[in-house]
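Observations on the model geometry
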Amino acid sequence: MAVAAVIAFALLYLPLLAIAVSSFNAARYGVAWTGFTWDWYAQLLADERVREAAMNTLLLAVASTAISTVLGTLLALGIERTPWSRRGRSALDAITYLPVVSPDIILAACLVVAFGACRWLADSVGWSGAPFSRGLGMMIVGHVAFQVSFVALVVRARLAVIGSHLEEAARDLYASSWCFHRRILGPLLLPGIAAGAILAFTLSLDDFVVSFFAASPTSSTLPLVIYASLRRGLSPEMHALATVIFLGSVVLTAALAMLTRPRRDA
Amino acid sequence: MTERAGDPVLSHGRLGSRPRLMATGWLLIGGAIGLLLITLVIPTLLVVGLSFLERGENGEILLQATTGNIARLAGFGSFGWSADYLWILARSLWVAGVATSLSLCLAYPLAFLIAARTPRWRLVLLALVAIPFCTNLVVRTNGWMILLSGQLAPAHLAQAAGLIDAGRALYPGAWAVHLGMVSSLLPFAVLPLYTAVERLDHALIDAARDLYASPWRVFRHAVLPQTLPGLGAATALTFIPAIGMFVVPDLLGGSSYMLVGNLLQQQFFTSNDWPLGAAIASLLIALTFLGLFVVRRLQRNAR
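Definitions and limits used
- Residues numbered from 1 in each chain as written.
- Chains lettered and ligands numbered in written order.
- Predicted model: local features only at pLDDT ≥ 70, side-chain atom pairs only at ≥ 80, totals over all residues.
- Heavy atoms only, no water.
- Helix = DSSP H or I, 4+ residues; strand = E, 2+ residues; numbered from the N terminus.
- Buried < 20%, exposed > 50% of the residue type's maximum accessible area, 1.4 Å probe, protein only.
- Contact = heavy atoms within 4.5 Å.
- Buried area = accessible area lost by both parts, 1.4 Å probe.
- Salt bridge = Lys/Arg side-chain N within 4 Å of Asp/Glu carboxyl O.
- Axes fitted to C-alpha atoms, helices over the stretch in contact; angles between N-to-C directions.
- Parallel < 35°, antiparallel > 145°, perpendicular 65-115°, else oblique.
- Left-handed = near helix turned anticlockwise from the far one by under 90°.
- Nonpolar A, V, L, I, M, F, W, Y, C, P; charged D, E, K, R; others polar.
- Domains from an automatic or database assignment.

All right, on to unusual backbone geometry then. Backbone phi values are negative for most residues with the exception of glycine, while trans is the configuration of most peptide bonds. One non-glycine residue, Y174 of chain A, adopts positive backbone phi at about 65 degrees. If you trace the backbone, Y174 of chain A turns up in the loop between α7 (165–172) and α8 (177–206). By relative accessible area, which is 77% here, Y174 of chain A ends up exposed. The backbone phi angle of Y212 of chain B is positive, close to 60 degrees, even though this residue is not glycine. Checked against the element boundaries, Y212 of chain B lands in the loop between α8 (202–210) and α9 (215–243). Looking at Y212 of chain B, the relative accessible area reads 77%, which means it is exposed.

Shown next as structure tokens:
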């Protein structure tokens, strides 16, 4: 048991360790250790292309997270608190879980085909197909499409924990709809919505394939920059960038773990 | 008692008519479901339809029905039969199968190890599994490219053993792809297995021990059957992303060890052959649904 655990954690963390170490290695070419340096991080800050990609990455993550948090929360509320028929509910469940279980490459192919079809439709009625070409807009739509399901999943779990007793009690005590949502459901649901938002943000940063399929040359994100550079070979500057992204993931995962930690009060 | 439209219904402590409640419901889910329909459900149907359409000279799509794309996937190209595509399909299934099995072999004991800790330690260990999971795959693959490069110990060992030429790296190649796949798929296996192990009914295990069952028989009859649905879920949840993997084979496998994900990407980009790309995507979609169906079956049988 311990052997399997050691191998598993080695497989998970050796590559991350290797990147972190290499990002401080003074060697310009190759990965053999020649000395300690901060140079690659300094270069990273000065790199115009990296700065632009960082802006794109953040813009994409923030915009898609904002949209998907709203849509996902409404979806969760709509599914949980409406008297759907059994078949209606299972159809909704199926559509909602589709992005969770599909390999990302299928989501990406579907997005490309959807935008292709929209372009074709726009062309055939004489409109400009430009809004449906590759770029940041298409990337945002693609990210929202998979984030929405995860947000709904997290918020639904929270709704299930809250249950309907409190609402029944509030209504019995003549709470208005506004009062109930503002004073009771809102505060109880907020940790769930926050966890959903952080998960959506993490997923956006974690994504490569959907962005890769939807990006235009001017809308590269940081993972796309690393990928393009890796295709040409290893570069210490990219190791520094990868280390920064890794640290970001650690912070986000920790925040997520704190928010979704099972609590006694709920 | 039959309910008529307009009759009041009690829902969440509040009286309302069913049509009104339904209208609110539709309003709430409208945005998200509309988006999913446009970006996922309808395109899935389009993809399946597209795989039966003809491709023009310059990559344009012709509204002409054909089964040519499936024939091309099976190797019947314009230059006679070649096994190239079939090899890629078979290799993808093989790599996904091997990577999934290895991930399960590592994740199963790990799930028990985590479940046996105190709650605080469980949280820490689960977070340790989740952190790489939440780190971009390109970053993690970059790490493997460093570890397997020609100047470090693993490559030196392989060079000394005569497995690779002096000065060469351990990638691109089959080994590197398998390693990268297991490393990236492991969390997919650990998380569902952990939920299954955590819910184990220990009374059954204690009963088996009281009845002097050997450790093997305790495992075989009291533990394994209880974790079977979890194993099924873990298998599907690992295999499905494995079969569509793109980054790992692209960076660690190179052109000589292409998988179906790379083939798909090629059709939508360099080759500009959407119908063939759609045929490949349809195959992946079918495999995904098959995987989900098997899990549903397993879980229903377990209940």
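From this point, the narrative continues.
Moving on, we come to the interface of chain A and chain B. Listed per partner, the contact involves 84 residues of chain A and 81 residues of chain B. Across the chain A/chain B interface, buried area totals approximately 7200 Å², and carbon plus sulfur atoms make up 81% of it. Run the count over chain A and chain B and you get 1 salt bridge. D250 of chain B is the partner of R231 of chain A in a salt bridge, and the nearest nitrogen-oxygen pair spans 3.2 Å.

In this section: the packing of helix α1 (residues 2–22) of chain A against helix α11 (residues 236–260) of chain A. Residues and elements named next belong to chain A. The contact between α1 and α11 brings their axes to 8 Å, and the two run at 125 degrees. Taken together, the axes of α1 and α11 are oblique relative to one another. α11 is crossed by α1, and the crossing has left-handed handedness. Each of L16, I19, A20 and S22 in α1 lies in contact with α11, whose residues at this interface are H239, A242, T243 and F246. Here the contact of α1 with α11 is built from residues that sort into 5 nonpolar, 3 polar and no charged.

The subject of this paragraph is the domain arrangement of chain B. All names here are of chain B. For chain B, the assigned domains are domain 1 (8–72) and domain 2 (85–302). Taken over C-alpha atoms, the centre of domain 1 sits 30 Å from the centre of domain 2. Taken residue by residue, the interface counts 13 residues in domain 1 and 12 residues in domain 2. Summed over both sides, the interface of domain 1 with domain 2 buries roughly 1000 Å², with 68% coming from carbon and sulfur. On the surface where domain 1 and domain 2 come into contact, there are 2 salt bridges. Where R72 meets D273, a salt bridge forms, and the shortest distance between an N and an O atom there is 2.6 Å.

Attention shifts here to the packing of α7 of chain A against α8 of chain A. Residue and element names in this part refer to chain A. The N-to-C vectors of α7 and α8 enclose an angle of 150 degrees; their axes lie 11 Å apart at closest approach. Viewed along their axes, α7 and α8 adopt a mutual orientation that is roughly antiparallel. Crossing angle aside, the handedness with which α7 passes α8 is right-handed. Facing α7, whose interface residues are L166, E167, A170 and R171, α8 presents S177, F180, I184 and L188. Considering only residue class, the contact of α7 with α8 consists of 5 nonpolar, 1 polar and 2 charged.

Moving on: the pattern of salt bridges. Residue and element names in this part refer to chain A. Evaluated as defined, the whole model comprises 10 salt bridges over all chains. In this structure, the salt-bridge partner of R49 is D47, at a minimum N-O distance of 3.6 Å. For R49, a relative accessible area of 39% gives the class partly exposed. Here the residues in one salt-bridge network are E80, D93 and R156, joined through shared partners.

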